[in-house]
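Listed below are the residues making up each chain.
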Amino acid sequence: MATSWAPVSGATHFATKVELTISCENLMDMDVFSKSDPLCVLYINTSGSHWYEYGRTEMILNCLNPKFAKKFVLDYYFEMVQRLKFCVFDIDNDTYDLSDDDFLGELECTLGQIVSNRQMTRSLLLKNKRPAGRGTITICAEEITDTRVANFEVSARKLDKKYLWWSDPFLEFFKQTETGWQLAHRTEVVYNNLNPVWKPFRISLRSLCGGDVEKPIKVDCYDHHVNGSHELIGSFKTTLAEMQTGTHICPAEFECINPKKLKKKNYNNSGVICVKQCQVQKEYTFLDFIMGGCQFNFTIAIDFTGSNGDPRNPQSLHYINPEGYNDPGPSSLAGFSRVSCQLQSKQSILRRHRWSGECLLSVSPSDQTLGPHELFPHNQPCGLLCQTSSPTECGCGKKERVKRHCKQYFVLLIITDGVITDMDQTRAAIVEASRLPMSIIIVGVGMADFSAMEFLDSDDRLLRSPNGDVASRDIVQFVPFRQFHGNSLALAQSVLAELPDQVASFFNAYKLKPPNTLSVPEPT
């Protein structure tokens, strides 16, 4: 993840990456015929009373005691007060907007408090600072020093039937801690199958066993129930070293034992879990790829379609104020370029493009390393000389021709009002681009309905194309401009928050090393 706070210039700041794990207990039940469907949102304070959203956990159906699998990674600065706010919501619909979801409580604290406690449990509070029932939130912090991951391929056979003649199994992996078992990973559900094969997945050794291959690991197998009352099929304990012995020819097998059935006569097990692959791999970080000479190519697309309004109209998103900039485009570019230009040397190129209806128009493809003051003059006269067109079609704009190569990574920044007419083509283009060294950042300007953009930013589940093809990874980051009230630096931090993880995950997935590995130390 990207650095969440901008250190004061002129001072020396040393950051430590920490990973936060979230769980809650005794949440308020806001649903009538079922239980709450909680989700936790992390907000970061940039200045004064302004907060911006840093990330969200997954949503868990019908659960008042959730253990979230998705974790937050932040940079911790010892000498800085880094204010955080954790808000828990009961999700009632599929929209990204949280204003129509039930509020279950919040906790405001500093990152320093969490790090010093390592594990901190506090009561959740309502907006009026009264207790949110008996609800509590627990936050565990762990320093990231081990970048190794374990790649798993797991299946099962002859699992117990839990409903008539089938089960809907999923697995949960737990790490042993001083205070009990902490959730490290949850697989997807395989429906109606007693011999399931789960999709390949990876777990960091830090989350799974703290880097100790002999440390106990607990694995639970559950039958999924829509109402959240998942039924235990069986569980077992093992170590990473034992799971590493498994191969496709000779899997490592573990019997699932259900404690409630141990007293039954002739009970052997409730099924067998087969680990076909458990391969430990060293991973390089985002910083390793930067130091190793990876070239970053930034392309900026500005929406000049008719829905933005006449540039001569003060209500237009492209209105040129003679007394200064009030166009959100330059405001967005200011913060973005201020951060991205730090990467610009011989390793980076920032290109300018204008988006006219259906495609990207190159202003000057030979230009390199442009800063905000060089970008803005080209945007300003264009708004007066070009006639806006309609409709907004994103599919063509996203089809950048890039090759899978560890020497280059491509970032497309789109500044738009959010009205898309070619959603099917856009979805297909993004799914196709997910297999390329590419990320897409969308900044939504104006007061339009951004539900289409929120759909493309598929944080909870991978995006699907109209023909059913699933994206290999999440490459889209959407940020609404109106939430930042002109704070361009906070906007840039939010816009670029997911980029470091997207870059590292792509190259590591294809086992590509930084171009100049001699200048990069081996990951630990």
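All residue numbers refer to position in the chain's written sequence, counted from 1. Totals for whole chains, interfaces and linings use every residue, but because this is a predicted model, local features are given only for residues with pLDDT of at least 70 and side-chain atom pairs only at 80 or more, for both listing and counting. With hydrogens and water excluded, all non-hydrogen atoms of the structure serve as input to the side-chain values.

Student: Residue-level account of the overall build of the protein, with values.
Tutor: The secondary structure listing takes helices from DSSP runs of H or I that are at least 4 residues long and strands from runs of E that are at least 2 residues long, numbered from the N terminus. Helix and strand counts for the protein come out as eleven helices and 22 strands. Accessible area is worked out with a 1.4 Å probe on protein chains only. A residue is then buried under 20% of its type maximum, exposed over 50%, and partly exposed in between. When the 524 residues of the protein are sorted by exposure, 52% land in the buried category. Pairs of residues are marked as contacts when any of their non-hydrogen atoms sit within 4.5 Å. Across the protein, the fraction of contacts at a sequence separation of at least 24, relative to all contacts at a separation of at least 6, is 72%. Of the roughly 24800 Å² of accessible surface on the protein, a fraction of 52% belongs to carbon and sulfur atoms. Method for areas: the Shrake-Rupley scheme with a 1.4 Å probe, in which residue coverage is limited to the protein chains shown.

Student: Tell me about the environment of Ala-156, and name the residues and values.
Tutor: Among the structural elements, Ala-156 can be located in strand β9 (residues 148–157). Residue classification places Ala-156 among the buried residues on the basis of a relative accessible area of 5%. It is 5.2 Å that separates the C-alpha atoms of Ala-156 and Asn-195, two residues lying 39 residues apart in sequence. When sequence neighbours within four positions are dropped, the list of residues in contact with Ala-156 reads Leu-194, Asn-195, Pro-196, Trp-198, Val-272, Ile-273 and Cys-274.

Student: Describe the sheet that holds strand β10 (residues 169–177), naming the residues involved and giving the relevant values.
Tutor: Strands sit in the order β11-β10-β13-β14 across an open sheet of four strands; the sheet is antiparallel. Looking at strand neighbours, the two that pair on one side only are β11 (180–186) and β14 (231–238), the edges of this open sheet. Strand-to-strand, the axes of this sheet are offset by a mean angle of 30°, without reference to chain direction. For two strands to be treated as a pair, DSSP must find at least two bridges joining them. Direction of pairing for β10 relative to strand β13 (residues 217–223): antiparallel, over a ladder of seven bridges. Across the sheet, Leu-171 pairs through a bridge with Cys-221, a residue of β13. Comment: axis = line fitted to C-alpha atoms, over the contacting stretch for helices; angle = value between 0 and 180 degrees taken between N-to-C directions.

Student: So what about the sheet that holds strand β16 (residues 272–282)? Which residues, and what values?
Tutor: One open sheet accounts for four strands, arranged β12-β9-β16-β15; its pairing is antiparallel. Sheet topology places β12 (201–204) and β15 (252–255) at the edges, where each strand pairs with a single neighbour. Adjacent strand axes in the sheet meet at a mean angle of 35°, parallel and antiparallel pairs treated alike.

Student: Tell me about the packing of aromatic side chains, residues and numbers included.
Tutor: To pair, rings of Phe, Tyr and Trp, with the six-membered ring standing in for Trp, must have centres within 6.5 Å; the planes then decide the type, stacked if under 30 degrees apart, edge-to-face if over 60, and tilted in the middle. For the coordinates displayed, the defined rule picks out 14 aromatic pairs. With centroids separated by 4.8 Å and ring planes inclined at 35°, the aromatic side chains of Phe-289 and Phe-507 adopt a geometry described as tilted. Taken together, the residues Phe-289 in helix α4 (residues 286–291) and Phe-507 in helix α11 (residues 499–509) connect sequence positions 218 residues apart. Under the relative-accessibility criterion, Phe-289 is labelled buried at 0%. Ring geometry for Tyr-409 against Phe-507: centres 5.9 Å apart, planes inclined by 70°, an arrangement best described as edge-to-face. Of the two residues, Tyr-409 sits in strand β20 (residues 408–416) while Phe-507 sits in helix α11, which places them 98 residues apart along the sequence. On the accessibility criterion, Phe-507 (0% relative accessible area) is buried. Among the aromatic side chains, those forming a connected cluster through ring pairs are Tyr-284, Phe-286, Phe-289, Phe-296, Tyr-409, Phe-506, Phe-507 and Tyr-510. Whether a charge sits over a ring depends on NZ of Lys or CZ of Arg being within 6 Å of the ring centre and within 35 degrees of the ring normal. Above the ring of Trp-51, the side-chain terminus of Lys-85 is found at 4.6 Å from the ring centroid. Above the plane of the ring of Phe-174 lies Lys-218, whose end atom (NZ or CZ) is 4.9 Å from the centre.

Student: Can you tell me about α11, naming the residues and giving the values?
Tutor: Most of α11 is tucked away, with eight of its eleven residues classed as buried. A positive backbone phi angle near 55° is found at Lys-511, which sits one or two residues after α11.

Student: Please give an account of the environment of Thr-145 that cites residues and values.
Tutor: Here Thr-145 is to be found in the loop between β8 (131–143) and β9. Judged by its relative accessible area of 52%, Thr-145 is exposed. Linking Thr-145 and Arg-206, residues 61 residues apart in sequence, is a C-alpha distance of 8.1 Å.

Student: Could you give an account of the layout of surface pockets, with specific residues and numbers?
Tutor: The pocket and cavity definitions rest on a 1 Å grid over protein atoms only: a 1.4 Å probe that fits but cannot leave marks a cavity, an open set with protein on both sides within 12 Å along at least five of seven lines marks a pocket, and residues lining either have an atom within 4 Å of a point. Grid points are joined across faces, edges and corners, and a volume is the space filled by probe spheres set on the points. Considered as a void within the structure, the second largest pocket measures approximately 530 Å³ in volume. In terms of lining, the second largest pocket is formed by 24 residues, of which the most central are Arg-56, Asp-97, Leu-98, Ser-99 and Gln-483. For the lining of the second largest pocket, the elements supplying multiple residues, two or more each, are β3 (50–56), β5 (83–90) and α9 (451–456). Here the lining of the second largest pocket takes five residues from β3, the largest share from any one element.

Student: So what's going on with the pattern of salt bridges? Which residues, and what values?
Tutor: Salt bridge, as used here, is a side-chain nitrogen of Lys or Arg placed within 4 Å of a carboxyl oxygen of Asp or Glu. Considering all chains together, one arrives at 17 salt bridges under this definition. When the shortest N-O distance is used, the salt bridge between Lys-175 and Glu-142 registers 2.8 Å. With Lys-175 in strand β10 and Glu-142 in strand β8, this residue pair connects regions lying 33 residues apart in the sequence. Judged by relative accessible area, Lys-175 falls into the buried class, the value being 5%. Asp-469 is paired through a salt bridge with Arg-435; the nearest N and O atoms lie 3.1 Å apart. Of this pair, Asp-469 sits in the loop between α9 and β22 (476–480) while Arg-435 sits in the loop between α8 (423–433) and β21 (438–444), and the two are 34 residues apart along the sequence.

Student: Let's hear about a nonpolar patch on the surface: which residues, and what values?
Tutor: Patch membership requires more than 30% relative accessible area and the absence of a salt bridge. Residues of like charge join within 9 Å; the nonpolar side chains Val, Leu, Ile, Met, Phe, Trp and Tyr join within 5 Å. On the surface, Tyr-163, Leu-164 and Trp-165 cluster together into a nonpolar patch covering about 400 Å² of accessible area. Along the polypeptide, Leu-164 turns up in the loop between β9 and β10. By relative accessible area, Leu-164 is classed as exposed at 57%.

Student: Provide a residue-level description of the confidence of the model for the protein, including the pertinent values.
Tutor: What pLDDT reports is the predictor's confidence in each residue, on a scale of 0 through 100. The predicted model of the protein averages 79 in pLDDT, with 74% of residues at 70 or higher. Under a pLDDT of 50 for its full length, residues 375–392 has, in the predicted model, 49 contacts with residues more than four places off or in other chains. Across residues 396–404 the pLDDT falls below 50, and counting only partners more than four positions away or on other chains, this stretch makes 25 contacts in the model.

Student: An account of the state of the cysteines is needed here, citing residue identities and associated values.
Tutor: Put simply, a disulfide is two cysteine sulfurs that come within 2.5 Å. Using the criterion set out here, one finds zero disulfides in the structure. Cysteine Cys-274 remains unbridged, with the sulfur of Cys-256 as its closest cysteine sulfur at 9.7 Å. We classify Cys-274 as buried; its relative accessible area is 6%.

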